[in-house]
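Architecture at a glance
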Amino acid sequence: MLKKERFRRFIEYFTQHYPEPQTELNFSNPFELLVAVILSAQCTDKRINQISPALFARFPEPESLAAASVDEVFSYIRSVSYPNNKAKHLVGMARTLLERFGGEIPATVEELQTLPGVGRKTAHVILSVVYNEPTMAVDTHVFRVSHRLGLAPLTATTPLAVEKALMAHIPKQYVPKAHHWLILHGRYVCLARSPKCDVCALRDFCKYYEKQMGTILVQ
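Notes on the structure follow.

Here is what the cut-offs are and how they apply
- Residues numbered from 1 in each chain as written.
- Predicted model: local features only at pLDDT ≥ 70, side-chain atom pairs only at ≥ 80, totals over all residues.
- Heavy atoms only, no water.
- Helix = DSSP H or I, 4+ residues; strand = E, 2+ residues; numbered from the N terminus.
- Contact = heavy atoms within 4.5 Å.
- 1 Å grid on protein atoms, 1.4 Å probe; cavity = no way out; pocket = protein on both sides within 12 Å on 5 of 7 lines; lining within 4 Å.
- Points joined across faces, edges and corners; volume = space filled by probe spheres on them.
- Nonpolar A, V, L, I, M, F, W, Y, C, P; charged D, E, K, R; others polar.
- Axes fitted to C-alpha atoms, helices over the stretch in contact; angles between N-to-C directions.
- Parallel < 35°, antiparallel > 145°, perpendicular 65-115°, else oblique.
- Left-handed = near helix turned anticlockwise from the far one by under 90°.
- Expected span 1.5 Å × (residues − 1).
- Buried < 20%, exposed > 50% of the residue type's maximum accessible area, 1.4 Å probe, protein only.
- Salt bridge = Lys/Arg side-chain N within 4 Å of Asp/Glu carboxyl O.

**Describing the side chain of H147**
- By secondary structure assignment, the location of H147 is in helix 9 (residues 140-149).
- Non-local contacts of H147, meaning those with residues more than four positions away in its chain, are made with A152, P153, L154, A156 and V162.

**Quick word on the layout of surface pockets**
- By volume, the largest pocket is sized at about 540 Å³.
- Around the largest pocket, the lining is made up of 24 residues, and of these S40, C43, D45, D139 and R187 lie nearest the centre.
- Listed by contribution, the elements that provide at least two residues to the lining of the largest pocket are helix 2 (30-40), helix 3 (45-58), helix 8 (120-131), helix 9 and helix 11 (175-188).
- For the lining of the largest pocket, the element with the most residues is helix 11, which contributes six residues.
- Of the residues contributing to the lining of the largest pocket, the split by class is nine nonpolar, nine polar and six charged.

**Regarding the packing of helix 3 against helix 5 (residues 70-77)**
- Contact geometry of helix 3 with helix 5 gives a least axis separation of 9 Å together with a crossing angle of 150 degrees. Comparing their axes, helix 5 and helix 3 come out roughly antiparallel. Contacts between helix 3 and helix 5 involve I51, A54, L55 and R58 from the former and E72, Y76 and I77 from the latter.
- Partitioning the contact of helix 3 with helix 5 into residue classes produces five nonpolar, no polar and two charged.

**Details of the packing of helix 2 against helix 8**
- Contact pair helix 2 / helix 8: the axes reach a minimum separation of 10 Å and the direction vectors enclose 150 degrees. In terms of orientation, helix 2 and helix 8 fall into the roughly antiparallel class. Regarding helix 2 and helix 8, the two cross each other, and that crossing is right-handed. Residue-level contacts link P30, L33, L34, V37 and I38 of helix 2 to T122, V125, I126, V129 and V130 of helix 8.
- Partitioning the contact of helix 2 with helix 8 into residue classes produces nine nonpolar, one polar and no charged.

**Observations regarding helix 6 (residues 83-101)**
- For helix 6, built from 19 residues, the straight-helix expectation of 27 Å at 1.5 Å per residue is met to within 8% by its first-to-last C-alpha distance of 25 Å.
- Listed in full, the buried residues belonging to helix 6 are P83, K86, A87, L90, V91, G92, M93, A94, T96, L97 and F101.
- Looking at the buried positions of helix 6, the neighbouring elements they touch are helix 2, helix 4 (62-66), helix 5 and helix 7 (109-112).
- Looking one or two residues beyond helix 6, the residue adopting positive phi is G102, at roughly 60 degrees.

**Quick word on the pattern of salt bridges**
- Scanning the model with the defined rule gives eight salt bridges in all.
- A salt bridge links E5 to R8; the shortest N-O distance between them is 2.7 Å. Placement of the pair is E5 and R8 together in helix 1 (residues 3-17), with a separation of three residues, close to one helical turn.
- Ionic pairing is found between E20 and K177, a salt bridge with its closest N-O pair at 3.2 Å. Linking E20 in the loop between helix 1 and helix 2 with K177 in helix 11, this pair joins segments that are 157 residues apart in sequence.
- Owing to a relative accessible area of 54%, E20 belongs among the exposed residues under this scheme.
- Linked by salt bridges that have partners in common, E5, R8 and E12 make up one network.

Quick look at the structure:
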């Protein structure tokens, strides 16, 4: 199957079945989303949603977070992964946000990445969700599913390489949605260790499934 056809079928399926995908992180404004995405690195959205209500109630805006001690922030996020580093990042992010951007969430990758705790993936999530920009945030789910479906070549061995492969074939209007499609598919169907191929609607053009079936037939 040609790559163009593979992307066409991927987009066709999700636009029909999940036309308006959304992030599963709970937030009510761009600042809360930024905090939640920083916290979600190597942690589940479910866990972040459990601790975020109390965190957002105590630190509803950059000013209160910037004025907080790292120890106090840690006390609210102690159950997430790497809480020490993330507490430092959150306080530093809030202070930089006030000092450099007047408390407003930046609208470019370059500016976002000057904030502590914000890398390329986090910056792209913010641009996609807040500003509806055609940016592709590549996390572990996007990386895995893209390769398994054959959307990204095996030679794309870094998140940036996968990002470029996807951006080269997904029309701009679908890029923000495709990010969520790939994440949700990886989270609930195309699991890392035990993918649910038996219920996957994409298996008829999935390279991983094709390889697995070939292995079974050879045996």
